[in-house]
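# Observations on the model geometry
What follows is the residue order along each chain.
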Amino acid sequence: MNPPSIAIIGGGPAGLRAAEVAAEAGASVTLYEAQRSVGRKFLVAGKSGLNLTNGEAFPAFLDYYDGPELPNFFYQALSSFDNDALRAWAAGLGIETYVASSGKVFPVGMKAAPLLRRWIEKLRRLGVDFKVRHELTAISSGTPHRLAFQHDASEVHAQHDAIILALGGASWPSTGSNGKWVELLASLGLQITALSSANCGWEVDWPENVLTQAEGLPLKNMTVHAGEHSRQGELVITRYGLEGGPIYRLGPAIRAMKSPHIILDLKPTFSEEALLKKMESAKRNFLHEAKLRWKLSPAALAIIEHIHGPFTNAQSLAHCVKQCRIPLTRPRPIDEAISSAGGVKWSNFKEGFELEQHTHIYLAGEMLDWEAPTGGFLLQAAFATGTATGQAATANCNNHFAI
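Residues numbered from 1 in each chain as written. Predicted model: local features only at pLDDT ≥ 70, side-chain atom pairs only at ≥ 80, totals over all residues. Heavy atoms only, no water.

Read from one edge of the open sheet, 3 strands run β3-β5-β4, paired in antiparallel fashion. Since the sheet does not close on itself, it has two edges, and those belong to β3 (53–54) and β4 (97–99), each with one partner. (Pairing = 2+ DSSP bridges. Helix = DSSP H or I, 4+ residues; strand = E, 2+ residues; numbered from the N terminus.)

Take the pairing of strand β5 (residues 104–107) next. Both β3 and β5 contribute to a ladder of 2 bridges, which runs antiparallel. Pairing of T53 across the sheet is with V105, part of β5. Taken together, the 3 bridges between β4 and β5 define a ladder with antiparallel strand orientation. In the sheet register, Y98 faces β5, and the bridge partner there is F106. Two successive antiparallel strands, β4 and β5, enclose a turn made up of 4 residues, where G103 displays a positive phi of approximately 95°.

Looking now at the sheet that holds strand β7 (residues 134–140). The 3 strands are arranged β7-β8-β9 in an open sheet whose pairing can be described as antiparallel. Of all the strands in the sheet, just β7 and β9 (154–160) have a single pairing partner and so form its edges. Averaged over all pairs of adjacent strands, the angle between their axes in this sheet comes to 30°, without regard to strand direction. As paired strands, β7 and strand β8 (residues 145–151) are joined by 6 bridges and run antiparallel to one another. From the neighbouring strand, S140 faces β8, where its bridge partner is R146. (Axes fitted to C-alpha atoms, helices over the stretch in contact; angles between N-to-C directions.)

Attention now goes to the packing of helix α1 (residues 13–24) against helix α5 (residues 113–125). In the contact formed by α1 and α5, the axes pass within 10 Å of each other and the chain directions differ by 35°. In this structure, α1 crosses over α5, and the sense of that crossing is left-handed. On the side of α1, the interface is formed by P13, L16, R17, A19, E20 and E24, while α5 contributes L116, W119, K122 and L123. Partitioning the contact of α1 with α5 into residue classes produces 6 nonpolar, no polar and 4 charged. (Left-handed = near helix turned anticlockwise from the far one by under 90°. Contact = heavy atoms within 4.5 Å. Nonpolar A, V, L, I, M, F, W, Y, C, P; charged D, E, K, R; others polar.)

This part covers the side chain of Q380. Looking at where Q380 falls in the secondary structure, it is placed in helix α14 (residues 377–402). Residue Q380 is classed as buried on the basis of its relative accessible area, which comes to 0%. In this structure the side chain of Q380 is engaged in a polar contact, spanning 3.3 Å, whose partner is the backbone oxygen of D82. Filtering out sequence-adjacent residues up to four positions away, Q380 remains in contact with L52, T53, F61, Y65, L78, F81, D82, N83 and L86. (Buried < 20%, exposed > 50% of the residue type's maximum accessible area, 1.4 Å probe, protein only. Polar contact = N/O pair within 3.5 Å; in protein donor to acceptor, adjacent residues only side chain to side chain.)

Coordinates in, geometry out; function isn't part of it.
The following block contains the structure:
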């Protein structure tokens, strides 16, 4: 019996990992990539240090993932190929890793290129056939599945027993992750949640005085609230709005609001009563006194004064410092975002990331309707879903053709 023929569409980490797993299981694997080379987004992500995964212990690790009714098989994939497994995989390529004080896991040397180079060499040894500059244009579901690609100026056709789609989301379109697949998969009858910006800044209609005084300045050591959710950390005031880890993490909660906004607690270590006590003798110039007595930063003072001022008493000022409301207009454009939310809905799937209506077609990575914060959680899910689809596609093909 000939080995099953499996097509991987997309040369990011999810697709490369699916190809590796399927090839190791004995499948004949062809990997198609629209760009001139594979791993482009992987290399861009590693420019300032490749954050492979996170050292957070399981099962708490799973709490970092969000999405509408994430299925058990998604969590099972993450648990089956967890952060320890990913570090062991990198070590198998000769790339040692370490856990930074932030919990982020990096390769020793920090760079993505050495790991990617060794990974591709391994895939070639396993017999994976790379076909670059092949942009998917059509899928005809059947036995076998038929595919059409645009290759330079020509249309190329291929057929395979199974297909794993790992085409990414819609952030960083220069790397090939452009979301063009949405229309193609919708034509197959799949239900898709619209792709939107995730892990991104949010726009604010700042008064000009705020920008004059505080553009580029940080808001440090505060708590940011969005509905029932909150995160501690630092934000930076930009000309268009706010950037920083807390607002990235709160993206799902903010997008769910009818009128998007955040509440800043600019002095989380003090109660409102404690702040008032520090201002007992102040009778005027409350903002000036707050700068001295509460040690408010220039950025915090600018926001308080020009969005919520003026203040005629210390009580209203203390209340604002503890509950400073910032209206948000929209997230930054998706091509600026670190990742994207939305994707193919989970109602389209059965176990093993296989499409319910199209046997032997699987999806992996950011195409699926989940999201996670930065810090290694995005790449971990790409590797884990790539692993799961590579295993499922090979096993199901072997079972099918053995009958």
